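Residue strings, one per chain:
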Amino acid sequence: MSKIGIDIEKAKQILQQGGLVAIPTETVYGLAANGLDKNAVLKIFEAKNRPHFDPLIIHTNSIEKIKLWVNDFPEWAQQLADVFWPGPLTLLLPKKTIVPDLVTSGLPNVAVRIPNHKLTLQLLESLDFPLAAPSANPFGYVSPTTAQHVAAQLQNQVDYILDGGTCDVGIESTIVGFENNCITVYRLGGLAVEDIEQVVGKVNVQVNQSSNPTAPGMLKSHYAPTKPLFIGDVADFIKNNRSKKIGIISFYKDFDVEKSHSKTLSPTHDLKEAAHNLFAAIRDLDASDVEVIIAEKFPDNFLGRAINDRLQRAAAK
Ligand code: TXA
Ligand code: MG
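Residues numbered from 1 in each chain as written. Chains lettered and ligands numbered in written order. Predicted model: local features only at pLDDT ≥ 70, side-chain atom pairs only at ≥ 80, totals over all residues. Heavy atoms only, no water.

(A) Representation of the overall build of the protein within the structure. Broken down by element type, the protein carries 11 helices and 15 strands. Structurally, the protein occupies a C-alpha span of about 60 × 50 × 35 Å along its principal axes. Per-residue burial over the protein gives 56% buried out of 317 residues. Within the protein, contacts between residues separated by at least 24 positions form 67% of all contacts whose residues are at least 6 apart in sequence. (Helix = DSSP H or I, 4+ residues; strand = E, 2+ residues; numbered from the N terminus. Buried < 20%, exposed > 50% of the residue type's maximum accessible area, 1.4 Å probe, protein only. Contact = heavy atoms within 4.5 Å.)

Have a look at this one:
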């Protein structure tokens with residue numbers, strides 16, 4: 001029987017039995033298991049080769065359910081949830097003991113999100129537990145935005161891949177926490193800081209660039225292709241590296257290299273479209289015969305900030 005399909009009932013049964021299912025979301029594909037079952041969650045870490053100090057996001061379909069698993073749902077969380085859920089926003093909230101410490105890497109807060117994808121929302125509605133799900137890629141590699149990306153790397157590690165087509169947003173959710181009476185963005189993502197500020201006013205942005213494995217969360221090198229990736233002036237790079245096969249990631253400009261080696265993420269200058277296309281472009285170039293990838297720096301606003309964040313981590317070694 002095929003491992004890829006749209007059989008929600010099958011996905012549900014596997015998850016109820018403690019298995020692993022890759023699920024589509026509007027951001028990227030997730031590698032899901034019962035988030036209240038420690039043994040099932042353990043399988044996620046093993047399948048991804050993910051260190052236990054990197055905590056997981058739990059996904060569900062309603063705030064009523066979330067309140068079964070967190071001790072507090074502050075007013076700010078409610079305001080953001082009202083506007084942006086279901087959507088590319090993850091909130092850090094104090095966990096109840098029913099959530100295994102393995103999910104949060106021992107931290108007091110659990111990351112929660114209601115994703116915006118029809119198939120996955122149907123699945124979540126049918127479950128009485130949340131789905132713990134990191135992005136469905138081997139640890140450190142680029143996140144998958146199609147079922148085929150998942151299959152290419154984790155086919156043997158998952159029991160089933162729910163195929164929801166290409167992810168709309170294309171980069172991971174924005175992570176927001178509420179500590180010391182302020183709102184802090186801990187990971188830039190598919191929901192722009194500017195959009196959050198429209199609802200709750202000015203927020204802090206504190207995006208760690210840690211290479212220290214004892215610091216949970218945002219590792220400096222992540223989302224990385226196997227080919228070297230640089231960020232800079234593309235025209236200069238081409239001029240100075242005539243002998244190399246170069247792959248290019250640009251916002252809207254075309255450059256004079258082999259067509260399949262030039263990834264123009266949005267000819268119409270649309271940052272949402274660029275984010276949507278970013279990870280597939282990195283994967284394509286990584287799988288091609290280019291020796292090195294050069295990416296432009298994107299405008300540092302709206303989703304351009306998250307795109308720059310991902311490119312910087314992809315470039316860090
Ligand atoms: O869009 C997304 O968020 C996707 C889809 C599948 O929902 N998921 C995703 O998960 O990107 P993952 O595991 O690749 O990234 C989760 C990140 C962790 O690396 C960490 O930075 C942060 O979320 N995180 C999770 N739980 C946390 C916690 N309790 N405290 C602080 N940060 C946390
Ligand atoms: Mg990830």
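(B) A look at the side chain of His 261. Residue placement: His 261 occurs in the loop between strand S13 (246–250) and strand S14 (262–264). Ignoring sequence-local partners within four residues, the contact set of His 261 consists of Lys 245, Ile 246, Gly 247, Ile 248, Leu 285, Ser 288, Asp 289 and Val 290.

(C) Representation of empty space enclosed by the protein. Applying the stated criterion across every chain yields a total of one cavity of 30 Å³ or more. In this model, the largest cavity occupies a volume close to 40 Å³. Around the largest cavity sit Leu 188, Gly 189, Leu 191, Ala 192, Val 193, Glu 194, Phe 302, Leu 303, Arg 305 and Ala 306, which together line it. Elements supplying a minimum of two residues to the lining of the largest cavity: helix H8 (193–200) and helix H11 (303–315). Ranked by residues supplied to the lining of the largest cavity, first place goes to H11 with three residues. Split by residue class, the lining of the largest cavity holds seven nonpolar, one polar and two charged. (1 Å grid on protein atoms, 1.4 Å probe; cavity = no way out; pocket = protein on both sides within 12 Å on 5 of 7 lines; lining within 4 Å. Points joined across faces, edges and corners; volume = space filled by probe spheres on them. Nonpolar A, V, L, I, M, F, W, Y, C, P; charged D, E, K, R; others polar.)

(D) The packing of aromatic side chains, seen in detail. Per the stated rule, a full pass over the model turns up five aromatic pairs. Taking the centre distance of 6.4 Å and the plane angle of 25° together, the rings of Trp 76 and Phe 178 count as stacked. Within this pair, whereas Trp 76 is found in helix H4 (residues 75–84), its partner Phe 178 is found in strand S9 (residues 174–179), the two being separated by 102 residues in sequence. A centroid spacing of 5.3 Å and a plane angle of 45° characterise the contact between Phe 251 and Phe 298, whose relative ring orientation is tilted. Highlighted residues: Phe 251 in the loop between S13 and S14 and Phe 298 in the loop between strand S15 (292–295) and H11, separated in sequence by 47 residues. (Phe/Tyr/Trp six-rings, centres within 6.5 Å; stacked < 30°, edge-to-face > 60°.)

(E) The environment of Gln 157, seen in detail. Its location among the elements puts Gln 157 in the loop between helix H7 (147–154) and strand S8 (160–162). Separated by 151 residues in sequence, Gln 157 and Asn 308 place their C-alpha atoms 31 Å apart. Ignoring anything within four residues of it in the chain, the contact list for Gln 157 reads Leu 20 and Ala 47.

(F) Quick peek at the pattern of salt bridges. For the structure on display, the rule yields 12 salt bridges. Of the charged contacts in the structure, one is a salt bridge between Glu 172 and Arg 310, with a shortest N-O distance of 2.8 Å. Taken as a pair, Glu 172 in the loop between S8 and S9 and Arg 310 in helix H11 lie far apart in primary sequence, 138 residues in all. Taking the relative accessible area as the measure of exposure, Glu 172 reaches 4% and is therefore buried. With a relative accessible area of 1%, Arg 310 lands in the buried category. With a shortest N-O distance of 3.7 Å, Glu 197 and Lys 202 are connected by a salt bridge. Here the salt bridges share partners, and the residues they tie into one network are Glu 172, Asp 309, Arg 310 and Arg 313. (Salt bridge = Lys/Arg side-chain N within 4 Å of Asp/Glu carboxyl O.)

(G) Helix H1 (residues 8–16), seen in detail. Listed in full, the buried residues belonging to H1 are Ile 8, Lys 10, Ala 11, Lys 12, Ile 14 and Leu 15. A side-chain oxygen of the first residue of H1 lies 3.2 Å from the backbone nitrogen of Glu 9; this N-cap is Asp 7. Backbone geometry just downstream of H1 places Gly 18 in the positive-phi region, at approximately 85°. (Polar contact = N/O pair within 3.5 Å; in protein donor to acceptor, adjacent residues only side chain to side chain.)

(H) View of the packing of helix H10 (residues 271–287) against H11. In contact at an axis separation of 9 Å, H10 and H11 are set at 15° when each is read in the N-to-C sense. Classified by the angle their axes make, H10 and H11 are roughly parallel. As H10 runs across H11, the sense of the crossing is left-handed. Across from Leu 271, Lys 272, Ala 274, Ala 275, Leu 278, Phe 279 and Ile 282 in H10, the residues of H11 making contact are Leu 303, Gly 304, Ile 307, Arg 310 and Leu 311. (Axes fitted to C-alpha atoms, helices over the stretch in contact; angles between N-to-C directions. Parallel < 35°, antiparallel > 145°, perpendicular 65-115°, else oblique. Left-handed = near helix turned anticlockwise from the far one by under 90°.)

(I) Broad picture of the packing of H4 against H8. In contact at an axis separation of 10 Å, H4 and H8 are set at 120° when each is read in the N-to-C sense. What the angle tells us is that H4 and H8 run oblique. For the pair H4 and H8, the sense of crossing is right-handed. For the pair H4 and H8, contact is made by Trp 76, Gln 79, Leu 80, Val 83 and Phe 84 and by Asp 195, Ile 196, Val 199 and Val 200, respectively.

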